[in-house]
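Take a look at the letters that make up each chain.
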Amino acid sequence: QVQLVESGGGLVQPGGSLRLSCAASGNIFSVNAMDWYRQAPGNKRTFVASITRTGGITNYADAVKGRFTISRDNAKNTVYLRMNSLKPEDTAVYYCNAKIRDGPLAYETAYWGQGTQVTVSS
């Protein structure tokens, strides 16, 4: 069984910062690309950022570009999202996604975490 667990969410004031973490655990052979998505009440889940296996390529949604930074630590099977200059419109549940193999010959399977709440308010 493979699971992803997000952490680091909370309540911050506009202009503040948070760092989210997402750790994969369980029967893991390898972790490929990892991504962050978010969903605000009444809205669909939208893409935030992605990072390739070695961290060589990163991509960001226009709404967060220049403010958020995605990184990873493969020794810990963990992806991070540093969020700076937070705005009220960043308020959402943030979800981690990872493409994982549970054996050397297995195909990749996409896994989702349970989400962590980020609230930006004064």
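Attention in this report is confined to the structure presented alongside it. Computed from a predicted model, the values in this text were never measured in an experiment.

### Concerning the pairing of strand β4 (residues 30-39)
In this structure, β4 lies alongside strand β9 (residues 92-101), joined through eight bridges in antiparallel fashion. The residue of β9 that forms the bridge with Gln 39 is Val 93. Two elements, β4 and strand β5 (residues 46-51), share five bridges in a ladder whose sense is antiparallel. Paired with Tyr 37 across the two strands is Phe 47, which belongs to β5. Counting the residues that bridge the hairpin from β4 to β5 gives six residues, and of these Gly 42 lies at a positive phi of roughly 80 degrees.

### A closer look at the pattern of salt bridges
Overall, the coordinates contain five salt bridges when judged by the stated rule. For Lys 65, the salt bridge goes to Asp 62, with nearest N and O atoms at 3.5 Å. With respect to burial, Lys 65 and Asp 62 carry one shared label: exposed. Residue Glu 108 is joined to Arg 101 by a salt bridge in which the shortest nitrogen-to-oxygen separation is 3.5 Å. A relative accessible area of 31% means that Glu 108 is categorised as partly exposed. Judged by relative accessible area, Arg 101 falls into the partly exposed class, the value being 28%.

### Some remarks on the packing of aromatic side chains
Evaluated as defined, the whole model comprises two aromatic pairs. Here Tyr 37 and Phe 47 contribute two aromatic rings whose centre-to-centre distance is 5.8 Å and whose plane-to-plane angle is 80 degrees, an arrangement assigned as edge-to-face. With Tyr 37 in strand β4 and Phe 47 in strand β5, the pair connects residues that are 10 residues apart, well separated along the chain. Given the relative accessible area of 22%, Tyr 37 is considered partly exposed. Among the residues examined, Phe 47 registers a relative accessible area of 31% and is labelled partly exposed. Measuring from ring centre to ring centre gives 5.1 Å for Tyr 37 and Trp 112, while their planes differ by 65 degrees; the resulting arrangement is edge-to-face.

### What about the environment of Val 5?
Relative to the helices and strands, Val 5 is located in strand β1 (residues 2-7). Each C-alpha atom of the pair Val 5 and Ser 21 lies 8.0 Å from the other, and the pair is 16 residues apart in sequence. Not counting the four nearest positions on each side in its chain, Val 5 is found in contact with Ser 21, Cys 22, Ala 23 and Gln 114.

Cut-offs applied
Numbering of residues starts from 1 in each chain and follows the order in which that chain's sequence is written. Only residues with pLDDT of at least 70 get local features here, since the model is predicted, and only at 80 or more are side-chain atom pairs given and counted; chain-wide, interface and lining totals rely on the full set of residues. Only hydrogens and water are removed before side-chain values are computed, so all heavy atoms of the structure are retained for them. For two strands to pair, DSSP has to find at least two bridges joining them. Under the scheme used here, helices are H or I runs from DSSP no shorter than 4 residues and strands are E runs no shorter than 2 residues, and both carry numbers assigned from the N terminus. Here, a salt bridge means any Lys or Arg side-chain nitrogen found within 4 Å of an Asp or Glu carboxyl oxygen. Only protein chains enter the accessibility calculation, which uses a 1.4 Å probe; a residue whose area is less than 20% of its type maximum is buried, one above 50% is exposed, and one in between is partly exposed. Each Phe, Tyr or Trp ring, with Trp reduced to its six-membered ring, pairs with another whose centre is within 6.5 Å; inter-plane angles below 30 degrees give stacked pairs, above 60 give edge-to-face pairs, and intermediate values give tilted ones. The contact criterion used throughout is that any non-hydrogen atoms of two residues lie within 4.5 Å.

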